[in-house]
Amino acid sequence: TILVLDFGSQYSHLITRRLRELNVYCEMLPCTQKLVELGWNPKGVILSGGPYSVYWDDAPHVDPAVFDLDVPILGICYGLQEIAWHFGKNVLAGEKREYGHAYLKVDRHGDGEAGGHVDKLFAGLEDDMEVWMSHGDKLSHLPDDFITVATTSNAPFAGMAHKTKKYYGIQFHPEVTHTPQGKVVLKNFAVDICQAQTNWTMDKFVDQEIERIRKLVGDKGQVIGAVSGGVDSTVAAKLMKEAIGDRFHAVLVDNGVLRLDEAKQVKETLTAGLGINLTVIDASDRFLGRLKGVTDDPEKKRKIIGNTFIEVFQETAKKIAEDARGSDKAGDIEWLLQGTLYPDVIESISFKGPSATIKTHHNVGGLPKDMNLKLIEPLRELFKDEVRELGKNLGIPEDLVWRHPFPGPGIAIRILGEVTPEQVRIAREADAIFIEEIKAAGLYRQISQAFAALLPVKAVGVMGDKRVHDQVIALRAVETTDFMTADWFPFDGAFLKKVSRRIVNEVNGVCRVVYDITSKPPGTIEME
Ligand code: XMP
């Protein structure tokens, strides 16, 4: 395992991401981590970048014990400066801040002076390479016993290495894709220099995680968790099923604003297909009853749906717990399954500043503490694409593994204006046609999220020689990697024509279809 110590750079999590891609297991912890409290021995340590200057009075510094571990250390950007600071405080504010592309020249030393290890970081790479810089400070001169291993026109010490110990510092960011060869540098460090194992695979993860869950929950422990039909909750549920069988209880709350036939399909897939012990609660009436009359306040819709969900989930959990109580095969339900992914965890552990206390992770999806359940989060080390891979390995159908994300408040926030059973019908039917055609055209995976929304206006049309005054469907389809920014998908005209014709012909109450060509920003992905 490689230990990544995070100084709060916006790129820190990419370091772990790249190492995982190399099948190297790593863990990221805040830079303030005390090494005596670590509990395991890293094969190497990476110090990340960070937004501070090492010479500030309140700058964060690494536990000096890291230099007693006798393992290789790589400092990236702030990390390089942190190493230099430790070895002699040779860091100054740069005259020129340096952001963006730069050309790195590698200095090779051969076997001579330093026994060859200093060249290892750039082994197998060209002497000139494009790198990504983002820093204000730079080294004023090399610390004692270090030599230069790379330069740029603005940074004479863009790369340094200790003459005898395997300590390296680089000013550029190897973890970003703007440094095309960056992954080779990380591989050289982790695999060749640290000799970390490259055995982090999903199969191995499954075995380990099942073992961990069994130990954690014990022979009789029972677990409950909500599922939505999305990939995260399904994968988490399947993993629980593999680990503890029917002592895991999945709950699907039908809130009346799921996609067309979704509750039915999820039930089939999870029970018949995956053998998961699932309870489906149809609470549509309760949800729709409370949404009645809410016309122009999307946040209110969200709140009603969120609160009603908690209420229904709690009632159900209580019932299941009573039924499941006290047999000699099983104990009480003490655990709540949560499909938290690594990016959420990073958000809560990443280092936020010298004086900031590190937030602990409490993503219980708004479930109240008085449920008194302990959290179990089997996906907390995984990125989304790893969850998908895991899903495939666990036999979850492709369809579900690649499913677009779907918001908790469901199509209630895609029905602009009041949510009534009739509006739900229209929005659902139009959405089902749109998605069906996207899949038929082979575009589903290229698109990150797509749906039909129902606008709160009526327009005039002519259908079968008759004048009609009916509603308008807006189609939305976006491409994005992070859902923070997104671009609308450029369908061809023939595709849109077909979808429009089908929706107007097949969905009663719709006489017009429009396509939303707003990117995010300024639009959001959802319309409410
Ligand atoms: P926006 O509309 O903010 O959406 O661009 C970004 C992503 O978040 C999803 N989204 C939600 N998910 N509850 C959720 O669980 C919500 O209230 C909610 N609002 C938006 C949206 O579907 C998109 O993937």
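Residues numbered from 1 in each chain as written. Predicted model: local features only at pLDDT ≥ 70, side-chain atom pairs only at ≥ 80, totals over all residues. Heavy atoms only, no water.

Applied cut-off: UniProt positions are given in the numbering used here, feature names are shortened, and annotations may be inferred rather than shown by experiment.
If you look the protein chain up in an unreviewed UniProt entry, it shows as GMP synthase [glutamine-hydrolyzing] from Lentithecium fluviatile CBS 122367. UniProt's Pathway (unreviewed entry) comment on the protein chain is quoted here verbatim: "Purine metabolism; GMP biosynthesis; GMP from XMP (L-Gln route): step 1/1."

**Side note on the packing of helix 1 (residues 12-21) against helix 3 (residues 182-193)**
Filter applied, for reference: To get an axis, fit a line to the C-alpha atoms, keeping to the stretch in contact for a helix; angles then go from 0 to 180 degrees between the N-to-C directions. Counting from the N terminus, the helices are the DSSP runs of H or I reaching at least four residues and the strands are the DSSP runs of E reaching at least two. Every angle not falling under 35 degrees, over 145, or within 65 to 115 is termed oblique; those three ranges are roughly parallel, roughly antiparallel and roughly perpendicular. The contact criterion used throughout is that any non-hydrogen atoms of two residues lie within 4.5 Å.
Relative orientation of the contacting elements helix 1 and helix 3 amounts to 75 degrees, with a least axis distance of 10 Å. Taken together, the axes of helix 1 and helix 3 are roughly perpendicular relative to one another. Contacts from Arg18, Leu19 and Glu21 of helix 1 reach helix 3 at Lys183, Leu186 and Ala190.

**Considering the site of the ligand**
Our working definition: Here a residue is near a molecule or strand as soon as one of its heavy atoms is found within 4 Å of it. For this analysis, a polar contact is any N or O atom pair within 3.5 Å, provided that within protein one partner can donate a hydrogen and the other can accept it, and provided that sequence-adjacent residues contribute only side-chain to side-chain pairs. Areas reported as accessible are Shrake-Rupley estimates using a 1.4 Å probe. Residue values count occlusion only from the protein chains shown.
Surrounding the ligand, one finds Arg302, Pro407, Gly408, Pro409, Gln449, Phe483, Lys520, Thr524, Ile525 and Glu526. Within the side chain of glutamine 449, one N or O atom sits 2.7 Å away from an oxygen atom of the ligand. Note that an oxygen atom of the ligand is positioned 2.7 Å from one of the backbone N or O atoms of isoleucine 525. Contact with the protein chains removes 68% of the 490 Å² of surface that the ligand exposes when unbound.

**Description of unusual backbone geometry**
A cis geometry characterises the amide bond from lysine 520 onward to proline 521, with omega recorded as -15 degrees. Proline 522 follows proline 521 through a cis peptide bond whose omega is 10 degrees. Turning to its location among the elements, proline 522 is positioned in the segment after strand 18 (510-515). In this model, aspartate 145 sits at a positive phi of 70 degrees, which is unusual for a non-glycine residue.

**Regarding the UniProt feature "binding site: ATP" (unreviewed entry) in the protein chain**
This is how the line gets drawn: Type-normalised accessible area, obtained with a 1.4 Å probe on protein chains alone, sets the label of each residue: buried when under 20%, exposed when over 50%, and partly exposed for intermediate values.
The positions that UniProt labels "binding site: ATP" (unreviewed entry) are, in the present scheme, Ser228, Gly229, Gly230, Val231, Asp232, Ser233 and Thr234. With respect to the helices, strands and loops of the structure, valine 231 is situated in helix 5 (residues 231-244). By relative accessible area, valine 231 is classed as buried at 4%. For valine 231, the residues in contact, after removing those within four places along its chain, are Lys384, Val387, Leu400 and Val401. Among the structural elements, serine 233 can be located in helix 5. Apart from residues lying up to four places away in sequence, serine 233 is in contact with Ala226, Val227 and Ser228. A polar atom in the side chain of serine 233 sits 3.0 Å from the backbone nitrogen of serine 228.

**Looking at the pattern of salt bridges**
Heads up, the rule is: Each salt bridge in this description consists of a side-chain nitrogen of Lys or Arg and a carboxyl oxygen of Asp or Glu lying within 4 Å of one another.
This structure, assessed with the given rule, holds 27 salt bridges. When the shortest N-O distance is used, the salt bridge between glutamate 334 and lysine 374 registers 3.1 Å. Of the two residues, glutamate 334 is situated in strand 13 (residues 333-337) and lysine 374 in strand 14 (residues 374-376); the sequence distance between them amounts to 40 residues. Judged by relative accessible area, lysine 374 falls into the partly exposed class, the value being 41%. For the salt bridge of arginine 425 with glutamate 422, the shortest nitrogen-to-oxygen distance reads 2.8 Å. One end of the pair is arginine 425 and the other is glutamate 422, both in helix 12 (residues 421-440) and 3 residues apart, which spans about a single turn.

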